[in-house]
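# Fold and contact review
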Amino acid sequence: IARGDDKLTFEEQQKRLYALALDYARDEDMDDFFKRDVLSLIEKCTLELLEKEDSFFGMFLIQMKRMISLKLPAPLATAPLNEGFVLYINPRTFLTCTKREMKALLKHEIYHIMYSHPQRIDALSNKYSLRAINIAMDISVNQYIRDLPPWSKRLESINLEYNMHL
């Protein structure tokens, strides 16, 4: 951990990094120290998942490449590669979450991969809007995850938002 952050708690490091993230206008503005420090928080979450009952998710995360990008509309996203997946992290939105919420969001991305959602998006995109597909896939995986941020899409929130009864 760069710049003496080894003495900071997780929350203190998170707050410091969030303040720095707000100063960056573009991906090119982020320095390597900042990126490394954000990735170190991901590593801490991964290690906690490995140590507890969620070791499957921790093992999965260890194998993923990671990229930092301010361009993402969400805190995290995954994309398939020829040799696995890449996890994209938007520090501006991800760093607003608690550690529990961060671990829940990491699980969320892995559930999408487990259920072949990247491939299913391609198959469904000719019939339905991308927004509808993403919402449906989010609520399908979020039912299995505790500690998600309050803005996460869930069946109840979608029913209220769209005046539906799913």
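This section reports on the structure supplied with the text. All figures in this text were calculated on a predicted structure; none of them were measured in a lab.

## Observations concerning the sheet that holds strand 3 (residues 84–89)
The strand order across the open sheet formed by three strands is 1-3-2, and the pairing between neighbours is mixed. Each edge of the open sheet carries a strand with a single partner, namely strand 1 (65–68) and strand 2 (76–81). Pairwise comparison of adjacent strand axes, ignoring direction, gives a mean angle of 25° for this sheet. Direction of pairing for strand 1 relative to strand 3: parallel, over a ladder of four bridges. When the bridges of strand 3 are listed, Ile68 appears paired with Ile89. Set on the sheet, helix 2 (residues 32–51) makes contact with strand 1 and strand 3; between it and strand 1 the angle comes to about 135°.

## Some thoughts on the layout of surface pockets
Volume-wise, the largest pocket comes out at about 740 Å³. For the largest pocket, the lining is made up of 24 residues, of which Ala74, Leu76, His108, Asn134 and Asp138 are closest to its centre. Counting only elements with at least two residues in the lining of the largest pocket, the list comes to strand 2, helix 5 (99–114), helix 6 (117–124) and helix 7 (130–142). The element contributing the most residues to the lining of the largest pocket is helix 7, with six residues.

## Some details on the packing of helix 3 (residues 55–62) against helix 5
Packing of helix 3 against helix 5 brings their axes to within 10 Å, and their N-to-C directions diverge by 80°. Comparing their axes, helix 5 and helix 3 come out roughly perpendicular. Where helix 3 abuts helix 5, its residues Phe56, Phe57, Phe60 and Leu61 lie against Leu106, Lys107, Ile110, Tyr111, Ile113 and Met114. Of the residues assigned to the contact of helix 3 with helix 5, the class counts are nine nonpolar, no polar and one charged.

## Quick word on the pairing of strand 2
Pairing analysis gives six bridges linking strand 2 to strand 3, with the strands arranged antiparallel. Across the sheet, Ala77 pairs through a bridge with Tyr88, a residue of strand 3. In sequence, strand 2 turns back onto strand 3 through a hairpin of two residues.

Rules and cut-offs
- Residues numbered from 1 in each chain as written.
- Predicted model: local features only at pLDDT ≥ 70, side-chain atom pairs only at ≥ 80, totals over all residues.
- Heavy atoms only, no water.
- Pairing = 2+ DSSP bridges.
- Helix = DSSP H or I, 4+ residues; strand = E, 2+ residues; numbered from the N terminus.
- Axes fitted to C-alpha atoms, helices over the stretch in contact; angles between N-to-C directions.
- Contact = heavy atoms within 4.5 Å.
- 1 Å grid on protein atoms, 1.4 Å probe; cavity = no way out; pocket = protein on both sides within 12 Å on 5 of 7 lines; lining within 4 Å.
- Points joined across faces, edges and corners; volume = space filled by probe spheres on them.
- Parallel < 35°, antiparallel > 145°, perpendicular 65-115°, else oblique.
- Nonpolar A, V, L, I, M, F, W, Y, C, P; charged D, E, K, R; others polar.

Coordinates in, geometry out; function isn't part of it.
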